[in-house]
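# Chain and residue survey
For reference, the chains in residue letters:
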Amino acid sequence: MKQILVLNGPNLNLLGRREPDIYGDASMEGCLATLQERFPEVHLHYYQSNVEGELINKLHEVGFIYDGIVFNAGAYTHTSVALHDAIKAIETPVVEVHISNVYQRETYRHTSLITGACVGVIGGFGMDSYRLAIEAILAL
Ligand code: DQA
């Protein structure tokens, strides 16, 4: 069975309550349940942290074992060379995900420091971005 990690960065533990006009009102728990039903052939794992180093540790932990990582690095997307390096350092393909269309938002969100290390990027489709990223990993 394929193993895929959905990895969420800072403030994404508040999905469903955080700025619902931008991120919607669905919780991550509900989204994960829907995803697991949709992809019964995949063992979906989930990890969220607000701490940059913990995200790096998780990438190292699964990055030579799992078949794919769906990564919403939140605001670290725009700031973290360390996450870029961690993604480069592992073998598992990483798909960058954003719930919102970052290019319709503040200019400081238009730069991603991790895209260059990822196989691709999906954003702007709400929580469906996660499903599309899993589809992309399964199609690799
Ligand atoms: C986000 C976009 C980022 O700019 C922001 O900092 C987030 C969420 C998204 O999913 O749209 O925390 O990654």
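Residues numbered from 1 in each chain as written. Predicted model: local features only at pLDDT ≥ 70, side-chain atom pairs only at ≥ 80, totals over all residues. Heavy atoms only, no water.

## Let's talk about the overall build of the protein
Summing up its helical and strand segments, the protein has five helices and five strands in all. When the elements of the protein are put in sequence order from the N terminus, they spell out β-α-α-β-α-β-α-β-β-α. Relative to its length of 140 residues, the protein is compact, with a C-alpha radius of gyration of 14 Å against a globular reference of 14 Å. Looking at the 140 residues of the protein, the share that counts as buried comes to 46%. Considering only contacts in the protein between residues 6 or more positions apart, those separated by 24 or more positions represent 78%. For the protein, the accessible surface area stands at approximately 6,900 Å², while carbon and sulfur atoms represent 52% of it. Side chains of the protein give 9 positive and 16 negative charges; the mean places of these two sets differ by 2 Å. (Helix = DSSP H or I, 4+ residues; strand = E, 2+ residues; numbered from the N terminus. Rg over C-alpha atoms; globule rule 2.2 N^0.38 Å. Buried < 20%, exposed > 50% of the residue type's maximum accessible area, 1.4 Å probe, protein only. Contact = heavy atoms within 4.5 Å. Areas by Shrake-Rupley, 256 points an atom, 1.4 Å probe, with all protein chains shown as cover. Lys, Arg positive; Asp, Glu negative; His and termini not counted. Charge placed at Lys NZ, Arg CZ, Asp CG, Glu CD.)

## Topic: the nonpolar core
Of all hydrophobic cores here, the largest spans 22 residues; its most connected members are Leu15, Met28, Val70 and Tyr130. Within the residue set of this core, elements represented by two or more residues are strand S1 (2-8), helix H2 (28-38), strand S2 (42-48), strand S4 (94-98) and helix H5 (128-138). Those residues in contact with Tyr130 that sit more than four places away from it in its chain are Val6, Asn8, Leu15, Met28, Cys31, Leu35, Val70, Asn72, Val97 and Ile99. Leu5, Ala86, Val94 and Ile114 belong to the second largest nonpolar core, which has 19 residues in total. (Core = buried A, V, L, I, M, F, W, Y, C linked by side-chain atoms within 4.5 Å.)

## Section: the site of the ligand
Around the ligand sit Arg18, Tyr23, Asn72, Gly74, Ala75, His78, His98, Ile99, Ser100, Val102, Arg105 and Arg109, and those are all the residues in its vicinity. For the ligand, an oxygen atom lies 2.8 Å from a polar atom in the side chain of Asn72. Here Arg109 contributes a side-chain N or O atom positioned 2.9 Å from an oxygen atom of the ligand. A total of 320 Å² of accessible area belongs to the ligand in isolation, and the protein chains cover 99% of it. Looking at the shell around the ligand residue by residue, the class counts come to four nonpolar, five polar and three charged. (Near = heavy atom within 4 Å. Polar contact = N/O pair within 3.5 Å; in protein donor to acceptor, adjacent residues only side chain to side chain. Nonpolar A, V, L, I, M, F, W, Y, C, P; charged D, E, K, R; others polar.)

## Here's the deal with the pattern of salt bridges
For the structure shown, the criterion picks out six salt bridges. A salt bridge links Arg109 to Glu106, with the shortest nitrogen-to-oxygen separation between them at 2.7 Å. By relative accessible area, which is 15% here, Arg109 ends up buried. Looking at Glu106, the relative accessible area reads 32%, which means it is partly exposed. Among the ionic pairs, Asp128 bridges to Arg131, the shortest N-O distance being 2.8 Å. Linking Asp128 with Arg131, this pair stays in helix H5, spanning three residues, or about one helical turn. A relative accessible area of 33% means that Asp128 is categorised as partly exposed. (Salt bridge = Lys/Arg side-chain N within 4 Å of Asp/Glu carboxyl O.)

## Side note on the side chain of Ser100
Considering the arrangement of structural elements, one finds Ser100 in the loop between S4 and strand S5 (120-123). By relative accessible area, Ser100 is classed as buried at 9%. For Ser100, the residues in contact, after removing those within four places along its chain, are Ile22, Tyr23, Arg105, Gly123 and Gly124.

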